[in-house]
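Chain and residue survey
Next come the chains, spelled out residue by residue.
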Amino acid sequence: MAQRLEERILEYVKQHAAEGDPQSVVDHIDKYCSQNEWAMHVGDEKGLILDQVVKETNPTIVLELGTYCGYSATRIARLLKPGSRLLTVEMNPENAAVAKQMIQFAGVQDKVEILEGSTEVIIPSLKTKYGVDRVDFVFIDHFSERYTADTKLLEECQLIKKGSVLLADNVVFPGAPDFLEYVRTCGRYDCTYYPSHLEYSDKLDALEKAVFKGP
Ligand SMILES: Cc1ncccc1-c1cc(O)c2nc[nH]c(=O)c2c1
Ligand SMILES: [Mg+2]
């Protein structure tokens, strides 16, 4: 029995999902975490909203804050057009190691790059160290306490331009009240609220989409 929850999830996927099939990986993570052990993936219900926003944005460069086991990175990467890429930031090295294997197993490793470290250090280095000019889509799913600071950092580093889309998980549970206040009142975002439920639960949660209107 693998020691860590995240390793047990990876083991289940390796033993039951179809290798090279990102949808199968996503489905099996959802199956394990709804039937066996809860874990904090965005999940299938909020995942369908994530899919819809990714499809309507059709992004070339995606930034994800909070990789965890690679569920949403796999979910997003499966929808990306050839030549597009997803950079995902994870500060926990053990989770990053699991995510790397999950993404590899799903066969989306050519589109996904895992950046190990904290967002406040990595975001300012995206242009210089990772050759990013602008990001078209940002999935914010790391720590709600960092949502606002990292959004301001993306603005200050000129990583988001007019039309860039932010999508934040957990704006109801655990909750990100200062982020909602900021994007809804600063005047630089067009916001849309998507009520849903916490992954694998009937607790209420929601996603907030914030489309940048420019500085
Ligand atoms: C862990 C947890 N327990 C009870 C209720 C919600 C959560 C929870 C759910 C999530 O989707 C999260 N996403 C990113 N980062 C988190 O910390 C996080 C925490
Ligand atoms: Mg989340």
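Residues numbered from 1 in each chain as written. Chains lettered and ligands numbered in written order. Predicted model: local features only at pLDDT ≥ 70, side-chain atom pairs only at ≥ 80, totals over all residues. Heavy atoms only, no water.

So, about the coordination of the magnesium ion (ligand 2). At this site the magnesium ion (ligand 2) is bound by Asp141 (OD), Asp169 (OD) and Asn170 (OD1), with donor distances of 2.1 to 2.2 Å. Binding-site remark: the magnesium ion (ligand 2) is held by donors from one chain whose sequence spacing is D-x27-D-N. Of this pair, aspartate 141 sits in the loop between β4 (137–140) and α8 (147–156) while asparagine 170 sits in the loop between β5 (165–168) and α9 (171–175); the two residues are 29 residues apart in sequence, bridging distant segments of the chain. Overall, the relative accessible area of 10% leaves asparagine 170 in the buried class. (Donors = N, O, S within 2.8 Å, 3.2 Å for Na, K, Ca; no water. Helix = DSSP H or I, 4+ residues; strand = E, 2+ residues; numbered from the N terminus. Buried < 20%, exposed > 50% of the residue type's maximum accessible area, 1.4 Å probe, protein only.)

This next bit is on the UniProt feature "binding site: S-adenosyl-L-methionine" (unreviewed entry) in the protein chain. Mapped onto the present numbering, the UniProt feature "binding site: S-adenosyl-L-methionine" (unreviewed entry) falls on Val42, Ser72, Glu90 and Asp141. Within the secondary structure, glutamate 90 sits in strand β2 (residues 85–90). Look past the residues within four positions of glutamate 90 in its chain and what remains in contact with it is Gly66, Thr67, Tyr68, Asn95, Ala96, Leu115, Glu116 and Gly117. Separated by 3.2 Å, the side chain of glutamate 90 and the backbone nitrogen of threonine 67 make a polar contact. By relative accessible area, which is 13% here, aspartate 141 ends up buried. Aspartate 141 has contacts with Leu65, Gly66, Tyr147, Asp169 and Asn170, leaving out every residue within four places of it along the chain. (UniProt positions renumbered as here; feature names shortened; annotations may be inferred. Contact = heavy atoms within 4.5 Å. Polar contact = N/O pair within 3.5 Å; in protein donor to acceptor, adjacent residues only side chain to side chain.)

Attention now moves to the site of ligand 1. Around ligand 1, the surrounding shell consists of Trp38, Met40, Asp141, His142, Asp169, Asn170, Phe173, Pro174, Leu198 and Glu199. One of the side-chain N or O atoms of aspartate 141 is found 2.9 Å from a nitrogen atom in ligand 1. At 2.5 Å from an oxygen atom of ligand 1 is found a side-chain nitrogen or oxygen belonging to glutamate 199. With the chains in place, 72% of the 410 Å² that ligand 1 exposes on its own is no longer accessible. Here the shell around ligand 1 is composed, by residue class, of five nonpolar, two polar and three charged. (Near = heavy atom within 4 Å. Areas by Shrake-Rupley, 256 points an atom, 1.4 Å probe, with all protein chains shown as cover. Nonpolar A, V, L, I, M, F, W, Y, C, P; charged D, E, K, R; others polar.)

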